[in-house]
Amino acid sequence: DAEERTDYVNPRMASMLGYSPEEMIGRKLSDFMDADQFEIAQEEMVTAREDRRLGVVENSFVRKDGTRCWARVSHTALTDLHGNHTGELAIMSDITASKAQAVELRASEHFLAALTDSMAEGMFALDTDGHVTYMNQAAEKLLGWTADELATRSMHDTTHYQHQDGSPYEEADCPLSC
């Protein structure tokens, strides 16, 4: 409502935070969030309202049992016939699992980068177009290019991979493109 008190909660939303709908009615959004997270949500709601647009923000909520729950909140301002603000309509989607997966993925990427950067052998990965998506430090040293410098160039054109007689492989036949 206009005072930021919850006046409707569906059972699925309440369950996501570990409450019954009745326990959430009449309470403010800030009751379910960390103070710093509420400030982020508040700023987004005000900005979206002023810009007259749908707002979307990811925030951390605190479940009834004290555990964290990440949610993507899509919200829009509600107004009366005279354009006066009467509240917000928000739809929340639980993204806790995807946030946890993202953290695990970043940790795995950091581990693999540390592992490959410590290798003496040059290693790089190409996308389906033959462009570099990853190159370790040894490969940069061996090729004399950084991954950023090669990102928009074909590895085939960069290395000019050749037969034993010095003639270049056609890109389709190049072992680097396989």
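The structure under discussion appears in the preceding block.
As the structure is a computational prediction, the values presented were derived from the model and not from experiment.

Asks: What exactly am I supposed to notice about the overall build of the protein here?
Replies: For the protein, the helix and strand inventory stands at 7 helices and 5 strands. In sequence order, the secondary structure elements of the protein are arranged as α-α-α-β-β-β-α-β-β-α-α-α. Scaling as 2.2 N^0.38, a compact globule of 178 residues should have a C-alpha radius of gyration of about 16 Å, whereas the protein reaches 26 Å, well beyond that. Overall size of the protein, expressed as C-alpha extent along the three principal axes, is 80 × 40 × 25 Å. Looking at the protein as a whole, 25% of its 178 residues qualify as buried.

Asks: It is not clear to me how unusual backbone geometry should be interpreted in this structure. Could you clarify?
Replies: Across residues other than glycine, the phi torsion is negative in most instances, and most of the peptide bonds are trans. Even without a glycine there, the phi angle at Glu4 is positive, about 65 degrees. Take Glu4: it is sitting in the segment before α1 (11–17). You can call Glu4 partly exposed: its relative accessible area is 29%. The backbone of Arg52 sits at a positive phi, close to 55 degrees, despite the residue not being glycine. Residue placement: Arg52 occurs in the loop between α3 (35–51) and β1 (55–62).

Asks: Looking at this structure, I do not really get the pattern of salt bridges. What am I missing?
Replies: Side chains that differ in sign of charge can pair as their charged atoms come close. Using the criterion set out here, one finds 8 salt bridges in the structure. Ionic pairing is found between Glu58 and Arg72, a salt bridge with its closest N-O pair at 2.8 Å. Taken together, the positions of Glu58 in strand β1 and Arg72 in strand β2 (residues 68–79) put the pair 14 residues apart, joining distant regions of the chain. A residue is classified by how much of its surface remains accessible, and Glu58, at 32% relative accessible area, is partly exposed.

Asks: Sorry if this is basic, but what is going on with the packing of aromatic side chains here?
Replies: Given two aromatic rings, one states the distance between the centres and the angle between the planes to describe the pair. Under the definition given, this model contains 1 aromatic pair. Between the aromatic rings of Tyr19 and Phe32, the centroid separation amounts to 5.2 Å while the plane-to-plane angle is 80 degrees, which identifies the pairing as edge-to-face. Highlighted residues: Tyr19 in the loop between α1 and α2 (21–24) and Phe32 in the loop between α2 and α3, separated in sequence by 13 residues. Residue Tyr19 shares its accessibility class with Phe32, and that shared class is buried. Lying across the ring of Trp70, Lys99 places its NZ or CZ 4.6 Å from the centre.

Asks: Looking at this structure, how should I read the nonpolar core?
Replies: Nonpolar side chains tend toward joint burial in soluble globular proteins. With 17 residues, the main nonpolar core has Met13, Leu17, Met24, Phe61 and Met92 as its most contacted residues. Where this core is concerned, the elements lending two or more residues are α1, α3, β1 and β2. It is α1 that provides the largest number of residues to this core, a total of 4 residues. Grouped together as the second largest cluster of nonpolar side chains are 5 residues, Val132, Met135, Ala139 and Leu150 included.

Asks: Help me understand the pairing of β1, please; the structure alone is not making it clear to me.
Replies: The side chains of a regular strand alternate between both faces of the sheet. Bridging between β1 and β2 involves 8 bridges; their strand directions are antiparallel. Each residue of the ladder has a partner; that of Val57, found in β2, is Val73. Counting the residues between successive antiparallel strands, the hairpin from β1 to β2 contains 5 residues, one of them, Gly66, with a positive phi of roughly 95 degrees.

Asks: Would you mind showing me how to read the sheet that holds strand β3 (residues 85–94) here?
Replies: One key point about sheets: their strands pair by backbone hydrogen bonds, in either a parallel or an antiparallel sense. Within the open sheet, the 3 strands sit side by side as β1-β2-β3. Their pairing is antiparallel. Only two strands of the sheet have a single partner each, and these edge strands are β1 and β3. The sheet shows a mean angle of 35 degrees between the axes of neighbouring strands, taken without regard to direction. Each of β1, β2 and β3 touches helix α4 (residues 96–117); the most contacted strand, β2, lies at about 130 degrees to it.

Asks: Explain the side chain of His75 here, please?
Replies: Summarising the element assignment, His75 is placed in strand β2. Excluding residues within four positions of it along the chain, His75 makes contact with Glu44, Met45, Ala48, Leu54, Gly55, Val56, Glu88, Leu89 and Ala90.

The rules behind these values
- Residues numbered from 1 in each chain as written.
- Predicted model: local features only at pLDDT ≥ 70, side-chain atom pairs only at ≥ 80, totals over all residues.
- Heavy atoms only, no water.
- Helix = DSSP H or I, 4+ residues; strand = E, 2+ residues; numbered from the N terminus.
- Rg over C-alpha atoms; globule rule 2.2 N^0.38 Å.
- Buried < 20%, exposed > 50% of the residue type's maximum accessible area, 1.4 Å probe, protein only.
- Salt bridge = Lys/Arg side-chain N within 4 Å of Asp/Glu carboxyl O.
- Phe/Tyr/Trp six-rings, centres within 6.5 Å; stacked < 30°, edge-to-face > 60°.
- Lys NZ or Arg CZ within 6 Å of the ring centre and 35° of its normal.
- Core = buried A, V, L, I, M, F, W, Y, C linked by side-chain atoms within 4.5 Å.
- Pairing = 2+ DSSP bridges.
- Axes fitted to C-alpha atoms, helices over the stretch in contact; angles between N-to-C directions.
- Contact = heavy atoms within 4.5 Å.

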